Amino acid sequence: FLAELNVSVPVSQLAKWKTGAQMGAITFLLLGDAAPPLVGQIGLALIWVAAVLTLVTGYDYLRTGLRHMSEGGAGGGS
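Remember, it's a predicted structure, so these values are computed and weren't measured experimentally.

The rules behind the values
- Residues numbered from 1 in each chain as written.
- Predicted model: local features only at pLDDT ≥ 70, side-chain atom pairs only at ≥ 80, totals over all residues.
- Heavy atoms only, no water.
- Helix = DSSP H or I, 4+ residues; strand = E, 2+ residues; numbered from the N terminus.
- Buried < 20%, exposed > 50% of the residue type's maximum accessible area, 1.4 Å probe, protein only.
- Areas by Shrake-Rupley, 256 points an atom, 1.4 Å probe, with all protein chains shown as cover.
- Expected span 1.5 Å × (residues − 1).
- Contact = heavy atoms within 4.5 Å.

**Q** Please give an account of the overall build of the protein that cites residues and values.
**A** Looking only at helices and strands, one finds 2 helices and 0 strands in the protein. When each of the 78 residues of the protein is scored for burial, the buried share is 18%. On the protein, roughly 5,800 Å² of surface is accessible, and the fraction owed to carbon and sulfur atoms is 68%.

Rendered as structure tokens:
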């Protein structure tokens, strides 16, 4: 919807941390049995951190989108 209105939603610093947590989690989890068990636990913790950050940043983007919609960005209608 926002793309049709040419609305730019900048990436937040928190979203960048979320991506970093995801990449770190994938790295640790891919090591699997080739690494000590602590490595897998770190990967699991990072994936949960990324999941929480996903919810937080998703809510931020939703609020931004709703704000643009309520400012009269939704043209047309029936």
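**Q** Give a detailed account of helix α1 (residues 13-31), specifying residues and quantitative values.
**A** With 19 residues, α1 ought to run about 27 Å at 1.5 Å a step, and its terminal C-alpha atoms sit 28 Å apart, in line with that. For α1, the full list of buried residues reads Ala 15, Lys 18, Ala 21, Gly 24 and Ala 25. With its phi angle positive at about 50 degrees, Gly 32 sits one or two positions after the end of α1.

**Q** So, the environment of Leu 2: which residues are in play, and what are the values?
**A** Locating Leu 2 in the fold gives a position in the segment before α1. Remark: the alpha-carbon pair of Leu 2 and Leu 66, spanning 64 residues in sequence, is separated by 9.6 Å. The residues contacting Leu 2, other than those within four sequence positions of it, are Val 7, Val 9, Gly 65 and His 68.

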